[in-house]
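What the coordinates show
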Amino acid sequence: MKTGRAIGLRIYTALFFLYIFTPLILIFIFAWNSGEGYVFPLQGFTWRWFMEFFRDRSAQKSIGNSLIIAISSATISTVLASLLTIGLLKGKFRRPELYITFLMLPVLMPSLTIGIAALVFFRTVNLPSGIPVVILAHVSISMSYVFLIMMSRIESISLSLQEAALDLGASWSMSVKDIVLPNLMPAMVAGWLFAFMVSWNEFIVTYFLIGNNTTLPIYIFSQLRFGISPKVNVISVLVTLFTLMIIFILISARGLYRRVASG
Amino acid sequence: MSIILKKNRNLAFPGLLWFLVFFILPLSVILIYSITERSLVSGEPVRFTVDNFIQVFQKKHYLVILLRSLRISLFTTVISIAFSYPVAYFLAKKTKADRILVVILMVPFWINYLIRTFAWKLILSDNGILNQVLLGLRIIDEPVRIMYTQTSVLLGLVYTYTPMMVLPLYASLLRIDDSLIEASLDLGASRARAFFDITFRLSLTGIFAGTLLVFIPALGSFAIPAILGGTDSVMIGNMIENQFNLVGNWNAGSAFTLSLAVLSIVLVLFYSRIFGLESIYRNRGL
């Protein structure tokens with residue numbers, strides 16, 4: 001009886017994982033299927049859709065824009081959020097939990113409200129739509145995520161070592177370079193990658209602010225509206241592989257952090 | 001200004017300032033738009049009004065969309081709880097490979113949800129994969145229409161947000177001490193009673209945290225109903241987009257947007273009152 005229930009749970013969980021992954025598996029299959037439509041049985045193997053993608057200038061331009069936006073917004077938000085976390089958690093703020101509640105909002109509020117608010121705000125102060133305002137908006141979202149990551153780690157790291165180093169005659173820049181940064185670096189790398197992924201996948205806020213330009217999610221959305229082409233499968237395959245790479249780095253960065261923290 | 005980072009609260013100010021200017025200020029601007037008539041930059045004198053909010057309840061069309069969005073998001077949340085509870089329970093209590101399985105479960109979450117939604121379009125369309133399978137197995141005689149209905153939107157939302165329910169549920173179940181359940185069984189409780197009185201009750205934190213992470217984004221969803229839905233499945237998000245991109249009524253659009261924002265803030269504050277804030281971010285499983 002007891003084992004029967006356990007087996008039932010195991011089968012259910014396996015089916016659940018199948019449910020979660022089936023859509024992605026189908027996308028992969030049809031990226032190499034030579035038929036035009038998405039019909040079984042499969043027609044045969046082809047690289048044709050990959051060739052079509054590599055000839056598509058607008059797709060490549062949108063990937064370039066996405067990279068520019070993701071890299072700049074992740075960098076700005078990592079710097080701001082690292083300083084913010086140290087100041088807020090270690091700097092004797094009165095009622096830090098009040099600030100933390102507000103800083104949680106970008107994570108928990110629908111992106112749509114953030115996008116609309118940013119659109120109305122930038123129009124009101126007369127900043128033109130385009131890549132720069134998208135970067136500004138992405139920073140204010142991803143900063144909260146980096147803050148969340150840094151928070152749980154900075155709580156557990158003692159920054160008193162810097163004081164000790166200064167007492168023992170180290171210069172300020174030496175104490176930062178040799179003591180503070182090595183301690184914070186793994187959390188900052190994890191935060192940067194997280195912020196990168198948030199921006200890289202962000203669609204709604206970008207949709208309202210990008211103007212005539214495109215990013216990769218915008219490009220995919222416009223392709224989906226025109227009807228579907230296996231080229232979208234190719235993009236999905238490439239994005240998935242790229243994403244898996246980032247997740248792998250993120251996990252290794254966390255492993256590195258654990259080793260630094262424990263030894 | 002202290003040179004020791006530990007004592008330096010000024011370090012927080014650039015980030016706080018950024019947050020104030022590019023997050024709080026924009027929300028305040030739509031607050032102003034939502035309680036005034038016409039554009040702020042038009043130069044005409046500003047007149048305050050509550051009409052923007054009232055018309056949500058006066059025009060039947062808006063009310064229908066509002067109620068539909070609430071219903072679809074509620075269904076999404078309930079279904080995702082039902083779907084993910086056994087999985088979370090298995091991960092927390094019945095396996096030692098839970099850490100790696102959680103990481104694997106989160107992989108699709110990191111892949112752009114437009115791509116995942118695209119996959120559902122392939123599966124659900126009239127000559128899509130689901131219909132091909134059902135026809136091939138002779139379960140149905142002619143294709144079932146699922147695409148561009150509320151069902152397809154619901155399926156897309158459930159698929160997209162269910163992983164967000166599994167994580168906090170798993171975290172809350174993991175914290176339950178098994179000896180509590182053993183003690184209750186020793187004292188003569190039935191398995192069902194032990195489950196409902198202990199396991200289920202202690203996992204309520206996880207259910208509420210998951211509800212925040214599923215209900216709010218589902219209610220504010222825009223791309224999924226736009227891709228998978230038809231005319232009968234327009235949601236608040238699409239209505240708001242229309243107000244800005246087609247109708248051009250910024251005041252009404254701001255009122256809708258602000259209502260959505262206020263609703264989510266209220267839910268978050270309510271949650272943090274009851275369960276404490278740290279459980280939200282601890283539960284996110286970053």
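Criteria and cut-off values
- Residues numbered from 1 in each chain as written.
- Chains lettered and ligands numbered in written order.
- Predicted model: local features only at pLDDT ≥ 70, side-chain atom pairs only at ≥ 80, totals over all residues.
- Helix = DSSP H or I, 4+ residues; strand = E, 2+ residues; numbered from the N terminus.
- Buried ≥ 20, exposed ≤ 12 C-beta atoms within 10 Å, placed from the backbone.
- Contact = placed C-beta atoms within 7 Å.
- Core = buried A, V, L, I, M, F, W, Y, C linked by C-beta atoms within 7 Å.
- Domains from an automatic or database assignment.
- Nonpolar A, V, L, I, M, F, W, Y, C, P; charged D, E, K, R; others polar.

Let's talk about the overall build of chain B
Each helix and strand in chain B was counted, giving 14 helices and zero strands. Its helices and strands in sequence order give chain B the pattern α-α-α-α-α-α-α-α-α-α-α-α-α-α, from N to C terminus. Projected onto the principal axes, the alpha-carbon positions of chain B cover approximately 75 × 75 × 35 Å. When each of the 286 residues of chain B is scored for burial, the buried share is 43%. Contacts spanning at least 24 positions in sequence make up 67% of the contacts within chain B whose residues lie at least 6 apart.

Focus on the nonpolar core
Among the nonpolar cores identified, the biggest contains 151 residues, and Ala118 and Leu209 of chain A are the most heavily contacted of them. No other element matches helix α6 (residues 131–154) of chain A, which puts 16 residues into this core. If you count residues domain by domain, this core takes at least three from each of domain 1 (13–49) and domain 2 (60–283) of chain B.

Description of the interface of chain A and chain B
Listed per partner, the contact involves 77 residues of chain A and 73 residues of chain B. By residue number, the principal contributor to the side of chain A that touches chain B is helix α1 (residues 2–31) of chain A, which donates twelve residues. Within the side of chain A that touches chain B, the residues separate by chemical class into 58 nonpolar, 14 polar and five charged.

Observations regarding the environment of Leu269 of chain B
Take Leu269 of chain B: it is sitting in helix α13 (residues 250–275). Sequence separation of Leu269 of chain B and Arg47 of chain B is 222 residues, and the distance between their C-alpha atoms is 32 Å.

Considering the domain arrangement of chain B
All names here are of chain B. For chain B, the assigned domains read domain 1 (13–49) and domain 2 (60–283). Measuring from the centre of the C-alpha atoms in domain 1 to the corresponding centre in domain 2 gives 32 Å. Of the residues lining the interface, eight residues belong to domain 1; the matching set on domain 2 comes to seven residues. Taken together, the residues of the side of domain 1 that touches domain 2 sort by class into four nonpolar, three polar and one charged.

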